[in-house]
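# Architecture and fold: a report
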Amino acid sequence: MLMIHPLVLAKLEVGQHLYWQLGGLKLHGQVFLTSWFVIGALLLVSFLATRNIQRVPSGLQNFMEYALEFIRDLAKNQIGEKEYRPWVPFVGTLFLFIFVSNWSGALIPWKLIHLPSGELAAPTNDINTTVALALLTSLAYFYAGFSNRGLGYFAKYIEPTPILLPINILEDFTKPLSLSFRLFGNILADELVVAVLVLLVPLFVPLPVMVLGLFTSAIQALIFATLAAAYIGEAIEGHGGEEHG
Amino acid sequence: MTIGWLLAAEEGGFGVDFNILETNLINLVIIIGVLYYFGGKFLGKTLSTRQSAITTAITEAEQRKKEAAAALAEQQQKLAQAQAEAKKILTEAQTTAERTREAILAQSQTDVERMRATAAQDLTSQEARVMRELQQRIAALAIERSEAALPGQLNDDLQRRLVDSSIALLQGE
């Protein structure tokens, strides 16, 4: 797993982790704990919302339907009316997980719980989480491309001209890279800024930055889900978009 | 190195940290409160709008369904009426046809009778005419024969007798 070198800023810790040993792997335990929390929260809310489904939705069911509509529209806009439906669960999972992760990091007083090492925070402030999500996205759009266009998917590498072949191949690497680093960097930077401000002036001064952090977190979740959907849509459509003819 | 910044007592295990400033608790409470207040208001409005839109849509759909069902029932009733009408027309047509057939049959029967009677009448008159002609012809022939035979056989005596008998015949009438 990727190691961030410990960086000491007064009492601020970056790169301190709660390590769990699993075979030869060293796992970042605090990320798992908060991820499980987020997953559990999502499952619980989904369960509660769908437990007693009414024809006219109200309360939690209404809210979750609203969220679902939002995700569906997002996928539909990026992937297209014809092919979007099977990808709603994937895009929706990305969006909800990242969004709830980010906001849990920004809103839940995780520091109340003291760990032997490291501290609880948003799962997305660990590069491993975001890389995992980004690689899943890569797999998803490769799968989408191959399942929809077969070997014709390779044709997109020499489109619009074969000269762009290296760049097109490079794109497959830069896409997960930029996805993972964008999310990781934004969330970690936001948490660091808040932490530094809290350290300097504990009361009220961090509030604007925290609000900004909430906004950024939401935007980052939206960006990740939108880009993932856009990559999938691009893989399905191809650059030429000849299939419509 | 960073461990040095943590209190020795907290080191090494899970625990609860109640340092309010350090855990950023106040700011978090404020921000959650603000978020709950404004976000709740916004979300509540959005959700209630959505709910009422859905309710309206469902009510309209149900209304349309009801109207469609009513229209269907009406049209089915009309169909049944039309079918009954058709059946009635058919029966009427059949009775009319039957009646016409009988009328035509009776008519032809009388026609045949009349024609037969006419034919019979024709036959009798024809017969009578033929008989009459025959009689006339016989009479003409008899007169011709007798006129031919008469000059040879006729003498005075015979002529006198003939005239006498004729006079006697005339007297007798």
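Residues numbered from 1 in each chain as written. Chains lettered and ligands numbered in written order. Predicted model: local features only at pLDDT ≥ 70, side-chain atom pairs only at ≥ 80, totals over all residues. Heavy atoms only, no water.

## Topic: the overall build of chain B
Counting its regular elements, chain B contains two helices and one strand. Counted from the first residue to the last, chain B has its helices and strands arranged as β-α-α. For chain B, whose C-alpha radius of gyration is 67 Å, the value lies well above the compact-globule estimate of 16 Å for 173 residues. By residue count, 8% of the 173 residues in chain B fall in the buried class. (Helix = DSSP H or I, 4+ residues; strand = E, 2+ residues; numbered from the N terminus. Rg over C-alpha atoms; globule rule 2.2 N^0.38 Å. Buried < 20%, exposed > 50% of the residue type's maximum accessible area, 1.4 Å probe, protein only.)

## Some thoughts on the overall build of chain A
Broken down by element type, chain A carries six helices and five strands. Sequence-ordered secondary structure for chain A, helices as α and strands as β, is β-β-β-β-α-α-α-β-α-α-α. Within chain A, buried positions represent 41% of all 245 residues. A separation of at least 24 residues holds for 66% of the contacts in chain A among residues at least 6 apart in sequence. When the accessible surface of chain A is split by element, carbon and sulfur atoms take 72% of a total near 12500 Å². Of note, chain A has its 13 positive side-chain charges centred 6 Å away from the centre of its 17 negative side-chain charges. (Contact = heavy atoms within 4.5 Å. Areas by Shrake-Rupley, 256 points an atom, 1.4 Å probe, with all protein chains shown as cover. Lys, Arg positive; Asp, Glu negative; His and termini not counted. Charge placed at Lys NZ, Arg CZ, Asp CG, Glu CD.)

## Looking at the environment of Ala120 of chain B
Looking at the element boundaries, Ala120 of chain B is found in helix H1 (residues 25-153). For the pair Ala120 of chain B and Arg99 of chain B, spaced 21 residues apart in sequence, the C-alpha separation works out to 31 Å.

## Thoughts on unusual backbone geometry
Glycine aside, negative phi is the norm for most residues, and most peptide bonds take the trans geometry. Although it is not a glycine, Phe204 of chain A adopts a positive phi angle of roughly 65 degrees. By the element assignment, Phe204 of chain A lies in the loop between helix H5 (165-200) and helix H6 (206-237).

## Let's talk about H1 of chain B
The end-to-end C-alpha separation of H1 of chain B is 183 Å, in line with the 192 Å expected for 129 residues at 1.5 Å each. At Gly40 of chain B, H1 of chain B is deflected by roughly 25 degrees, the largest bend along its length. Those residues of H1 of chain B that are buried are in contact with helix H2 (59-79), helix H3 (88-107), H5 and H6 of chain A. (Expected span 1.5 Å × (residues − 1). Bend = angle between axes of the 7 residues up to and from the residue.)

## A word on the confidence of the model for chain A
Residues and elements named next belong to chain A. Taken over all residues, the pLDDT of chain A has a mean of 85, while the share at 70 or more is 91%. Ranking the elements of chain A by mean pLDDT puts strand E1 (residues 7-9) last, at 44, and H3 first, at 92. For residues 1-10, every residue scores under 50 in pLDDT, and the model assigns this stretch 23 contacts once sequence neighbours within four places are set aside. For the stretch residues 240-245, pLDDT sits under 50, and the model shows five contacts to residues farther than four places along the chain or on other chains. (pLDDT = per-residue confidence, 0-100.)

## Let's talk about the packing of H2 of chain A against H6 of chain A
Residues and elements named next belong to chain A. Contact geometry for H2 and H6: axes closest at 8 Å, N-to-C directions at 40 degrees. Relative to H6, the element H2 lies oblique. The handedness of the crossing between H2 and H6 is right-handed. For the pair H2 and H6, contact is made by Phe70, Leu74, Gln78 and Ile79 and by Leu222, Ala225, Thr226, Ala229, Ala230, Ile232, Gly233, Ile236 and Glu237, respectively. Grouping the amino acids of the contact of H2 with H6 by side-chain chemistry returns nine nonpolar, three polar and one charged. (Axes fitted to C-alpha atoms, helices over the stretch in contact; angles between N-to-C directions. Parallel < 35°, antiparallel > 145°, perpendicular 65-115°, else oblique. Left-handed = near helix turned anticlockwise from the far one by under 90°. Nonpolar A, V, L, I, M, F, W, Y, C, P; charged D, E, K, R; others polar.)

## Comments concerning the interface of chain A and chain B
By a widely used convention, the size of an interface equals the accessible area lost when the partners come together. Chain A puts 37 residues into the contact, and the matching count from chain B is 35 residues. Of the roughly 3500 Å² buried between chain A and chain B, counting both surfaces, carbon and sulfur atoms make up 69%. Measuring nitrogen to oxygen at the nearest pair gives 3.1 Å for the salt bridge that ties Arg50 of chain B to Glu65 of chain A. In this structure, the connection of chain A to chain B is made through seven residue pairs in polar contact (both at pLDDT 80 or more). Listing elements by their share of the side of chain A that touches chain B, those giving two or more residues are H2, H3, strand E5 (113-114), H5 and H6 of chain A. Here the residues of the side of chain A that touches chain B are counted per class, giving 27 nonpolar, four polar and six charged. (Buried area = accessible area lost by both parts, 1.4 Å probe. Salt bridge = Lys/Arg side-chain N within 4 Å of Asp/Glu carboxyl O. Polar contact = N/O pair within 3.5 Å; in protein donor to acceptor, adjacent residues only side chain to side chain.)

## Digging into the side chain of Ser104 of chain A
All names here are of chain A. Within the secondary structure, Ser104 sits in helix H3. Here Ser101 takes part through its backbone oxygen, which lies 2.8 Å from a polar atom of the side chain of Ser104. In this structure Ser104 touches Val38, Trp110 and Pro123, once residues within four positions along its chain are discounted.

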